[in-house]
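So you can see what is in the structure, the chains are spelled out below.
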Amino acid sequence: MTDLDEVRAQVAAWLAEAWDPGLSLAQWRARLADSGWGCPAWPREWCGRGLPAAAAGVVAQEFARAGAVAAPEGVGMNLAGPTILEHGSDELKRRFLRSTVTGEISWCQLFSEPGAGSDLAGLQARAERDGDGFAVSGQKVWNTSAYHADFGLLLARTDWDVPKHRGITYFILPMRQPGVEVRPLRQMNGYASFNEVFLDRARVPAGNVIGEPGQGWTVALTTLAHERRLAPAARRPPTGGPAGRAAEEAAEESERAMAPYRWYPQRAGRPDLVIERAIAAGRDTDPLVRQEIVKLITLAWSARWTAQRAAAARALGRPPGPEGSVAKLASSNVARAAARVHAMISGSAGMLAGADDPSGEGGRAGIVSEIFLSVPAISIAGGTDQIQRTILAERILGLAKEPVADAGVAFRKVIAAGSGASSASSVR
Ligand SMILES: Cc1cc2nc3c(=O)[nH]c(=O)nc-3n(C[C@H](O)[C@H](O)[C@H](O)COP(=O)(O)OP(=O)(O)OC[C@H]3O[C@@H](n4cnc5c(N)ncnc54)[C@H](O)[C@@H]3O)c2cc1C
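Criteria and thresholds
- Residues numbered from 1 in each chain as written.
- Predicted model: local features only at pLDDT ≥ 70, side-chain atom pairs only at ≥ 80, totals over all residues.
- Heavy atoms only, no water.
- Helix = DSSP H or I, 4+ residues; strand = E, 2+ residues; numbered from the N terminus.
- Rg over C-alpha atoms; globule rule 2.2 N^0.38 Å.
- Contact = heavy atoms within 4.5 Å.
- Areas by Shrake-Rupley, 256 points an atom, 1.4 Å probe, with all protein chains shown as cover.
- Salt bridge = Lys/Arg side-chain N within 4 Å of Asp/Glu carboxyl O.
- Buried < 20%, exposed > 50% of the residue type's maximum accessible area, 1.4 Å probe, protein only.
- pLDDT = per-residue confidence, 0-100.
- Near = heavy atom within 4 Å.
- Polar contact = N/O pair within 3.5 Å; in protein donor to acceptor, adjacent residues only side chain to side chain.
- Nonpolar A, V, L, I, M, F, W, Y, C, P; charged D, E, K, R; others polar.
- Axes fitted to C-alpha atoms, helices over the stretch in contact; angles between N-to-C directions.
- Parallel < 35°, antiparallel > 145°, perpendicular 65-115°, else oblique.
- Left-handed = near helix turned anticlockwise from the far one by under 90°.
- Pairing = 2+ DSSP bridges.
- Expected span 1.5 Å × (residues − 1).
- Arc of directions from axis to C-beta.
- Phe/Tyr/Trp six-rings, centres within 6.5 Å; stacked < 30°, edge-to-face > 60°.
- Lys NZ or Arg CZ within 6 Å of the ring centre and 35° of its normal.

### A closer look at the overall build of the chain
1) Next: Helices and strands together make up the secondary structure of the chain, namely 14 helices and eight strands.
2) Next: Taking 22 Å as the expected radius of gyration for a compact globule of 428 residues, we find that the chain reaches 23 Å, a close match to that expectation.
3) Next: With respect to the principal axes defined by its C-alpha atoms, the chain has extents near 70 × 60 × 45 Å.
4) Next: Taking all contacts inside the chain whose residues are at least 6 apart in sequence as the whole, residues at least 24 apart take part in 73%.
5) Next: Put simply, the chain shows about 19,800 Å² of open surface, and 55% of that area lies on carbon and sulfur atoms.

Right, dumping it as structure tokens:
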């Protein structure tokens with residue numbers, strides 16, 4: 001029996017005993033957090049079981065088999081939890097980890113600014129000491145889910161007289177307060193997943209700093225590595241699922257939490273739809289279409305295997321590395337190629353949106369136009385294609401580093417000189 005078989009047997013036995021669909025979601029998730037099976041790779045003292053990352057897949061399969069509700073999806077479990085585990089004090093872990101696993105609190109990421117995306121370390125949101133905490137002012141942008149989050153993972157500048165990477169502090173910002181204004185942004189595909197967040201002397205208790213003041217860049221790199229690893233995965237809202245009170249409440253929670261991600265499958269280009277759509281449209285006998293479909297599927301499969309190799313490396317305990325950039329870049333290439341093949345199959349009808357699309361192919365009218373309008377996002381979110389190429393050039397291929405215009409210069413002087421020039425050393 002392998003270690004993973006052992007884990008499978010243990011989690012199956014626990015679910016047979018503990019899973020009760022009649023419980024409320026809060027009661028069930030409390031049981032889940034106590035057991036450690038909600039996040040098996042986290043340490044035992046923090047709601048986990050200290051198992052290798054590879055165990056998570058086996059545990060998820062057993063939850064699905066039993067029809068049991070799992071820990072919530074989203075920024076909390078995927079970014080906030082791992083960042084607090086790696087850099088947070090025990091006090092922060094006590095205050096935030098369990099309530100994240102139970103789904104009592106939700107999170108968003110407040111990193112990007114109008115003038116700081118790729119050059120994230122050039123951010124200008126300002127945090128000043130204010131009594132027993134900090135007051136933060138500035139503007140964030142592209143913040144997914146900010147309109148319903150309880151807490152934000154916030155980067156703000158606390159020291160302007162050191163080079164840009166050294167003056168940043170990483171905060172946990174309470175979102176529900178007068179100094180925080182969230183305004184939704186409408187995208188070209190019709191959804192409104194992102195927000196602008198305006199901070200006007202928003203209050204952050206001193207105890208809400210992750211890591212040390214001024215050391216926020218190191219902490220941010222952990223969040224970004226986890227984000228890059230996740231980006232290629234197309235998030236799909238769960239469908240169907242188990243019956244019972246806990247499951248119904250989990251479905252409502254998921255409906256709310258996953259709403260901003262509804263178009264994410266289309267963002268990945270939907271290579272899974274091309275064959276059925278080619279057959280339905282009678283284009284599967286066209287040699288050019290067939291050739292492009294085969295090229296696309298070859299690319300998609302090799303990208304999937306690359307992602308699986310990266311997952312296997314993590315399962316062996318290796319930290320997320322440049323292979324995340326390879327996988328992210330591959331997912332952009334697949335999405336673009338898939339959009340091209342969909343265009344060949346649909347022709348100009350692919351531009352018709354919603355009810356105007358007469359075909360309704362792929363199970364939903366207007367899906368092809370939604371693919372066209374969503375695919376560009378995958379090469380931007382979590383670090384653009386150009387930035388991934390720079391990372392690969394420098395860290396894997398060993399090519400010369402991109403010149404750094406502002407190395408060693410106090411950030412105050414960089415701004416005064418009007419040179420916010422981004423460089424590969426500062427990119428997300
Ligand atoms: C779907 C999606 C979800 C997002 N969710 C969040 C979120 O929840 N929270 C959050 O904080 N942010 C979020 N973002 C923002 C995202 O992180 C930024 O859009 C991204 O980092 C790029 O920054 P930018 O938009 O400012 O583009 P810029 O950095 O201004 O880049 C513009 C162009 O210049 C190129 N470029 C820039 N610097 C270099 C360089 N050194 N070398 C070569 N080319 C360069 C870029 O590749 C790009 O093509 C999200 C974005 C998307 C699309």
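### Things to note about the pattern of salt bridges
1) Next: Within the structure shown, the criterion is met by 24 salt bridges.
2) Next: A salt bridge links D132 to R203, with the shortest nitrogen-to-oxygen separation between them at 3.1 Å. Note that D132 is positioned in the loop between strand 2 (126–130) and strand 3 (133–141) and R203 in strand 7 (residues 194–205), a separation of 71 residues in sequence.
3) Next: For R203, a relative accessible area of 32% corresponds to the partly exposed category.
4) Next: Taken together, the salt bridges that share partners define one network made up of R126, E128, D130, D132, R201 and R203.

### Observations regarding the confidence of the model for the chain
1) Next: Per-residue confidence for the chain gives a mean pLDDT of 90, with 92% of residues at or over 70.
2) Next: Low pLDDT, under 50, characterises residues 232–239; the stretch is placed with 20 contacts to residues that sit more than four places away or in other chains.

### Thoughts on the site of the ligand
1) Next: What surrounds the ligand is a group of 21 residues, the closest being S112, S118, W142, T384 and Q386.
2) Next: Measuring from a nitrogen atom of the ligand, one finds a side-chain N or O atom of E402 at 3.3 Å.
3) Next: Expressed as a share of its isolated accessible area of 980 Å², the protein-covered part of the ligand is 73%.
4) Next: Elements represented by at least two residues in the shell around the ligand include exactly helix 8 (264–267) and helix 13 (385–395).
5) Next: Residue composition of the shell around the ligand, grouped by class: nine nonpolar, nine polar and three charged.

### A word on the packing of helix 1 (residues 3–18) against helix 2 (residues 25–35)
1) Next: Where helix 1 contacts helix 2, the axes come no closer than 12 Å and their chain directions differ by 150 degrees. Of the possible angle classes, the one that applies to helix 1 and helix 2 is roughly antiparallel. You can see that helix 1 and helix 2 cross each other, and the crossing is right-handed. Contacts from W14, L15 and A18 of helix 1 reach helix 2 at W28, R31, L32 and S35.
2) Next: Here the contact of helix 1 with helix 2 is built from residues that sort into five nonpolar, one polar and one charged.

### Describing the pairing of strand 1 (residues 107–110)
1) Next: Along strand 1, one buried face is formed by W107 and Q109 and the opposite face, lined by C108 and L110, is buried too.
2) Next: Relative to strand 4 (residues 151–157), strand 1 runs parallel, the two being bridged by four bridges. Bridging across to strand 4, L110 finds its partner in L154.

### Some points on helix 1
1) Next: Taking 1.5 Å of rise per residue, the 16 residues of helix 1 would be expected to cover 22 Å, and the 22 Å separating its terminal C-alpha atoms lies within 8% of that figure.
2) Next: For helix 1, every residue scored as buried is listed here: V7, V11, W14, L15 and A18. The arc that holds every buried residue of helix 1, seen down its axis, measures 100 degrees, which confines them to one face. Turned more than 90 degrees from where helix 1 packs its buried face, A16 and E17 sit exposed.
3) Next: Those residues of helix 1 that are buried lie in contact with helix 2 and helix 3 (55–66).

### Focus: unusual backbone geometry
1) Next: At C47, a residue that is not glycine, the phi angle is positive and equals roughly 70 degrees.
2) Next: Of note, C47 is situated in the loop between helix 2 and helix 3.
3) Next: Residues other than glycine seldom take positive phi values, yet W142 does so here, at roughly 65 degrees.
4) Next: Tracing the backbone shows W142 in the loop between strand 3 and strand 4.
5) Next: Since its relative accessible area comes to 53%, W142 is described here as exposed.

### Thoughts on the packing of aromatic side chains
1) Next: Across all of its chains, the model carries 13 aromatic pairs by this definition.
2) Next: Arranged with centres 5.1 Å apart and planes meeting at 80 degrees, the rings of F96 and F151 form a pair that is edge-to-face. Of this pair, F96 sits in helix 5 (residues 90–101) while F151 sits in strand 4, and the two are 55 residues apart along the sequence.
3) Next: Connected via pairs of aromatic rings, a cluster forms that spans W142, F194, Y261, W263 and Y264.
4) Next: The lysine or arginine in question, R157, covers the ring of F411, its NZ or CZ lying 3.7 Å from the ring centre.
5) Next: A cation over a ring is seen here: R183 above F198, with NZ or CZ 4.1 Å from the ring centre.

### Thoughts on the packing of helix 11 (residues 323–346) against helix 12 (residues 367–374)
1) Next: Running from amino to carboxyl end, helix 11 crosses helix 12 at an angle of 145 degrees, the nearest separation of the two axes being 10 Å. Handedness of the crossing formed by helix 11 with helix 12: left-handed. For the pair formed by helix 11 and helix 12, the contact residues are A339, H342, A343 and S346 on the first element and V368, I371 and F372 on the second.
2) Next: Taken together, the residues of the contact of helix 11 with helix 12 break down into five nonpolar, two polar and no charged.

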